[in-house]
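If you want the building blocks of each chain, they are given just below.
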Amino acid sequence: MTESNKSIALGSLLILCLVLGACNLPGSSSTEPTLEQEMEGTGESMDGMAMDSDVPADLDTSTTRMTDQGAFQVSVSSNLEPVDINQIHSWTLHVETPEGQPVENATIAVDGGMPQHDHGFPTSPQVSEELGDGDYLVEGVKFNMGGWWEMGFDITANGQSDHVTFNIILQ
């Protein structure tokens, strides 16, 4: 057998092994447990990241918060209940002064993502409309998996700029 034929035969054998290995699906006659079955009860996800252990025990999931420097009192609420994964939806952001007066004409940038996975949103959420009385429409929000998400807002109004982050846990 020539070297070229040996390489082709080994390549074919490797492909066959990979294909046969991929056929070990739940419900097949194999007695080997699937990866999902092996991980059941371990608190880990398929990518090896801990699902529960990396979420701080004292994580603040409140939907009303002061901004980091205390310039604004901010609340956020989903316009979809419950919040579905893999569906684009919108949120309402309410911004007021620490004294409770609505903040009008704010410039707001949206950021966020999953701290455990070190990635951002799969979409580019943004404030699309000022609704009045300190309310702003945030559109284009999509969560593509369960877990701990952060949604952050950079707010500039009345000569002040500040940031606030909300923690969201999705199942």
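Quick caveat: nothing in here was measured; it's all calculated off a predicted structure. (Residues numbered from 1 in each chain as written. Predicted model: local features only at pLDDT ≥ 70, side-chain atom pairs only at ≥ 80, totals over all residues. Heavy atoms only, no water.)

**Q** Got a minute to help me understand the sheet that holds strand β3 (residues 89-96) in this structure?
**A** Backbone-to-backbone hydrogen bonds join strands into a sheet, with any given pair of strands oriented parallel or antiparallel. Judged by pairing direction, the sheet is antiparallel, and its 5 strands sit side by side in the order β1-β2-β3-β7-β6 without closing on themselves. Each edge of the open sheet is held by one strand with a lone partner, namely β1 (64-66) and β6 (126-132). Shown here is a sheet whose adjacent strand axes are inclined to one another by a mean of 25 degrees, direction ignored. As paired elements, β1 and strand β2 (residues 73-78) share 3 bridges and run antiparallel to each other. Bridged to Thr 64 within β2 is Ser 75. (Pairing = 2+ DSSP bridges. Helix = DSSP H or I, 4+ residues; strand = E, 2+ residues; numbered from the N terminus. Axes fitted to C-alpha atoms, helices over the stretch in contact; angles between N-to-C directions.)

**Q** Whenever I open this one, the confidence of the model for the protein confuses me. Can you help?
**A** On average, residues of the protein score 79 in pLDDT, and 69% of them are at 70 or above. pLDDT under 50 marks residues 9-52. Its contacts with residues more than four places away, or in other chains, come to 26 contacts. (pLDDT = per-residue confidence, 0-100. Contact = heavy atoms within 4.5 Å.)

**Q** Could you clarify how one ought to interpret the pairing of β2 in this entry?
**A** Taking every second residue as pointing to the same face, the buried face of β2 carries Val 74, Val 76 and Ser 78, while none of Gln 73, Ser 75 and Ser 77 on the other face is buried. Counted between consecutive antiparallel strands, the loop separating β1 from β2 contains 6 residues, among which Gly 70 sits at a positive phi close to 80 degrees. Note that β2 and β3 share 6 bridges and pair antiparallel. Considered in β3, the bridge of Val 76 is made with Leu 93. (Buried < 20%, exposed > 50% of the residue type's maximum accessible area, 1.4 Å probe, protein only.)

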